[in-house]
Amino acid sequence: MTQPRLILGAAIGDCVHVAGVVNFLNLAESTGIPTICLGPAISVPELLAAVSEHRPDTVAVGYRLTPGAWAGVLQELRTAVAAAGLAHLNWVFGGTTPCAQIAAESGFFTAVFPSDATPTDALAFLRGGAAGAGGQAEPPQTLVERIAWKAPYPLIRHHFGQPTVAATVAGAWEIAQAGVLDVLSLGTDQNAQEHFFRPDEMEPAQDGAGGVPVRTARDLQEIYAHTRTGNYPLVRCYSGTRDTMRWAEMLQQTIHNAWCAIPLFWYTRLDGRSRRSLAEAIPETQALMRWHAQRGIPVEMNESHHWSLRDAPDVVAVAAAYLAACNARAAGVQDYIQQLMFNNPPGTSPRMDLAKMLAKLALVESLQGSQFRVWRETRAGLTSMPPDPEVARGHLAASTYLQMQVQPHIMHVVGHSEAMYVATASDVIAACKVVDGTLRQVLLGAPDLAADTRVQERRDHLVSEAGVLLAAIRSLAPAGTPDPYTDTTTLARAVALGLLDAPHLRGNPAGRGQVVTALVGGACVAVDPATRQPLPEAERVGRLLAAHRQTQHNNQEVGICAG
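Criteria and cut-off values
Residues numbered from 1 in each chain as written. Predicted model: local features only at pLDDT ≥ 70, side-chain atom pairs only at ≥ 80, totals over all residues. Heavy atoms only, no water. Helix = DSSP H or I, 4+ residues; strand = E, 2+ residues; numbered from the N terminus. Rg over C-alpha atoms; globule rule 2.2 N^0.38 Å. Contact = heavy atoms within 4.5 Å. Areas by Shrake-Rupley, 256 points an atom, 1.4 Å probe, with all protein chains shown as cover. Pairing = 2+ DSSP bridges. Axes fitted to C-alpha atoms, helices over the stretch in contact; angles between N-to-C directions. Core = buried A, V, L, I, M, F, W, Y, C linked by side-chain atoms within 4.5 Å. Buried < 20%, exposed > 50% of the residue type's maximum accessible area, 1.4 Å probe, protein only. Left-handed = near helix turned anticlockwise from the far one by under 90°. Nonpolar A, V, L, I, M, F, W, Y, C, P; charged D, E, K, R; others polar. Phe/Tyr/Trp six-rings, centres within 6.5 Å; stacked < 30°, edge-to-face > 60°. pLDDT = per-residue confidence, 0-100. Disulfide = S-S within 2.5 Å. Arc of directions from axis to C-beta. Parallel < 35°, antiparallel > 145°, perpendicular 65-115°, else oblique.

A. Looking closely at the overall build of the protein chain. Broken down by element type, the protein chain carries 19 helices and 15 strands. For 563 residues, the compact-globule estimate of 2.2 N^0.38 gives 24 Å, and the C-alpha radius of gyration of the protein chain, at 27 Å, lies within 12% of that figure. Across its three principal directions, the C-alpha atoms of the protein chain cover 105 × 55 × 45 Å. Considering only contacts in the protein chain between residues 6 or more positions apart, those separated by 24 or more positions represent 72%. Accessible area for the protein chain stands at about 22,400 Å²; split by element, carbon and sulfur atoms hold 53% of it.

B. Layout of the sheet that holds strand E3 (residues 58-63). If you trace the five strands from one edge of the open sheet to the other, you get E2-E1-E3-E4-E5, paired in parallel fashion. Two strands close off the open sheet at either side, each with one partner strand: strand E2 (35-37) and strand E5 (111-113). The sheet shows a mean angle of 15° between the axes of neighbouring strands, direction not considered. Of the pairings in the sheet, the one linking E3 to strand E4 (residues 90-95) comprises six bridges and is parallel in character.

C. Structural context of the nonpolar core. Phe24, Leu47, Trp70, Leu77, Trp91, Phe93 and Phe109 are the most contacted members of the largest nonpolar core, which totals 84 residues. Look past the residues within four positions of Phe24 in its chain and what remains in contact with it is Ile7, Ala60, Val92, Phe113, Ala122, Phe125 and Leu126. Core analysis: the second largest hydrophobic core is formed by 71 residues, Leu155, Ile262, Ala312 and Val495 among them.

D. Layout of the packing of helix H2 (residues 44-54) against helix H3 (residues 67-84). Interhelical geometry of H2 versus H3 gives an angle of 35° and a closest axis separation of 10 Å. The handedness of the crossing between H2 and H3 is right-handed. Between H2 and H3, the contacting residues are Val44, Pro45, Leu47 and Leu48 on the first element and Val73, Glu76, Leu77, Ala80, Val81 and Ala84 on the second. Within the contact of H2 with H3, the residues separate by chemical class into nine nonpolar, no polar and one charged.

E. Main features of the sheet that holds strand E12 (residues 373-379). One open sheet accounts for eight strands, arranged E8-E7-E6-E13-E12-E11-E10-E9; its pairing is parallel. If you trace the sheet from one side to the other, it starts and ends with strand E8 (234-237) and strand E9 (260-261), each paired once. Of the strand pairs in this sheet, strand E6 (residues 155-160) and strand E13 (residues 410-413) are connected by four bridges, and their pairing is parallel. Directly across from Ile156, in E13, lies its bridge partner Met411. Against the sheet, helix H6 (residues 143-150) contacts E6, E8, strand E11 (335-341), E12 and E13, and its axis sits at roughly 125° relative to E6.

F. Structural detail: the packing of aromatic side chains. Tallied over the full model, the rule gives 15 aromatic pairs. Ring centres of Phe196 and Phe197 lie 4.9 Å apart, and the angle between their planes is 75°; on these two criteria the pair is classed as edge-to-face. Residue classification places Phe197 among the partly exposed positions, given a relative accessible area of 22%. Relative to Trp247, the ring of Phe196 lies with its centre 5.6 Å away and its plane at 80°, an arrangement referred to as edge-to-face. Note that Phe196 is positioned in the loop between helix H8 (190-195) and helix H9 (217-225) and Trp247 in helix H10 (residues 244-254), a separation of 51 residues in sequence. Classification of Phe196 by relative accessible area gives buried; the value is 12%. Since its relative accessible area comes to 1%, Trp247 is described here as buried.

G. Main features of the confidence of the model for the protein chain. Chain-level statistics for the protein chain give a pLDDT mean of 93 and a share of 97% at 70 or above. Scored below 50 in pLDDT, residues 131-136 shows 17 contacts in the model against residues more than four places distant or in partner chains.

H. Layout of the state of the cysteines. Taken as a whole and assessed by the stated rule, the structure comprises zero disulfides. Cysteine Cys99 is unpaired, with the sulfur of Cys15 as its nearest cysteine sulfur at 8.3 Å.

I. The arrangement of H10 in detail. Of the positions making up H10, those classed as buried are Thr244, Trp247, Ala248, Met250, Leu251 and Thr254. Axial view of H10: buried residues confined to an arc of 165°, hence all on one face. Just beyond H10, the residue with positive phi is His256, at close to 50°.

J. Inspection of the pairing of strand E14 (residues 517-520) at higher detail. Where E14 meets strand E15 (residues 523-526), four bridges bridge the pair, whose relative direction is antiparallel. Opposite Thr517, over in E15, you have Ala526 as the bridge partner. With antiparallel pairing between neighbouring strands as the criterion, E14 and E15 make up a hairpin whose turn holds two residues, including Gly521 at a positive phi of roughly 60°.

K. Seen up close, the packing of helix H13 (residues 314-330) against helix H17 (residues 453-474). It is at 8 Å that the axes of H13 and H17 come closest, and there the two elements cross at 65°. Put simply, H13 runs roughly perpendicular to H17. Our pair here, H13 against H17, has a crossing hand that is right-handed. Contacts between H13 and H17 involve Asp314, Val315, Val316, Val318, Ala319, Tyr322 and Leu323 on the former and, on the latter, Arg458, Leu462, Glu465, Ala466, Leu469, Leu470 and Ile473.

This is the structure we're talking about:
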């Protein structure tokens, strides 16, 4: 069917429960469809008189009383509609599950929505999909189109990958059938990410560690084929950590990778996911982004939260978000996904968390233009999930509520089981339902927490401090460098000198690991190692640059003496 032109709605018979009809009409209006509400307890003659007067193409009726009484009202309605010659209209029903069953069995209605139908089910119908809950036609299969189709709800994404291909195939089918998410994010094991094209280097004992042990392109095709059901979720997978171009080509051919996700500094010796140096990895990442940009495939740089996962100062994470976006834009990416991981590091307060995300968005979205669009993706903190699954459900709901303050286009669900074990299909479905329930409440109208004075002050402070750090990084560029923020030498130096640093890099030969941080007032800040007092960014980078200059001077002195 096509999208409705005008919808008229009413609770009919003796039913005074008009909330379902009103909610349906409100949802229709959010998509731009005009509506008319007649209210509660509308008789069949009154309803048909209004239909004749307003001439809608779609009529939504609600009934929530006893099924036996509904059967009588339905019979009256069908008889009157046939007599009036109005059977060609789209008649839509919403009510209790027993009443909905009677409505569905009658064959009279174009769409039937029982009590457990979701807003997504209704949106699918309103946007011209097939009739009824769970029966929508295949939704859009590109990211940007699906975002527009799902609005005002964000797309729901969840990570999934079992220790065997067979279990992942079965779970992917179950999740797709449930229709609870829009993006199935496939998680492969590290053997696949790093050694897929070099199987002789795999460690068999590590098969299935961290995800599904994909070993052939056929494995990916089989998983994808089993998602072609239910609500046909998009499928995507993270970049490989080596042979990245070959991996990207395979993903596009097998699962029609919805978007590329790759970090700028990570998947290297810095995090141990590959043996690549930054000098090797950064140009490869830039080339990979260009490859996707040339094919119109969106790109996500899952960069800044990696610094926070290692307890880096908030200002480092904010600056890293900007650097990643600069590189994506320079590579020609048109649709850029900014991932925002909340609750990271654990213990960050909601107020300071929101401020950090708003600071990232302020910098990243300053790069927007006709050739560079930013899409917001949020998620709960990977390491913040409590081990008790029931407590974790509460954490997930609370984090989702906070995330909605930045109006995300994509909600990356971190399941309530993640702190204990890899999420099963049933865990994924349950977690997505928790998030869906939270979204429904938020979209009724939530207070604007971003207007909080302390949030705004922290956001502005982080933007200013990030400017100090970015200027210091720019100063490292060799003379004549066109763009320091996309220059491999400059970026590698920033890590080597500790301008970009995190406490968890201590002892890492590829990083500095000398910065000391603490949670102060709910924010993660750099502190003086001796006094443990917060360290302004100008002072932190000033010390590092002064030490760098001293080292250069000493090296020059040694060279002179040696000569």
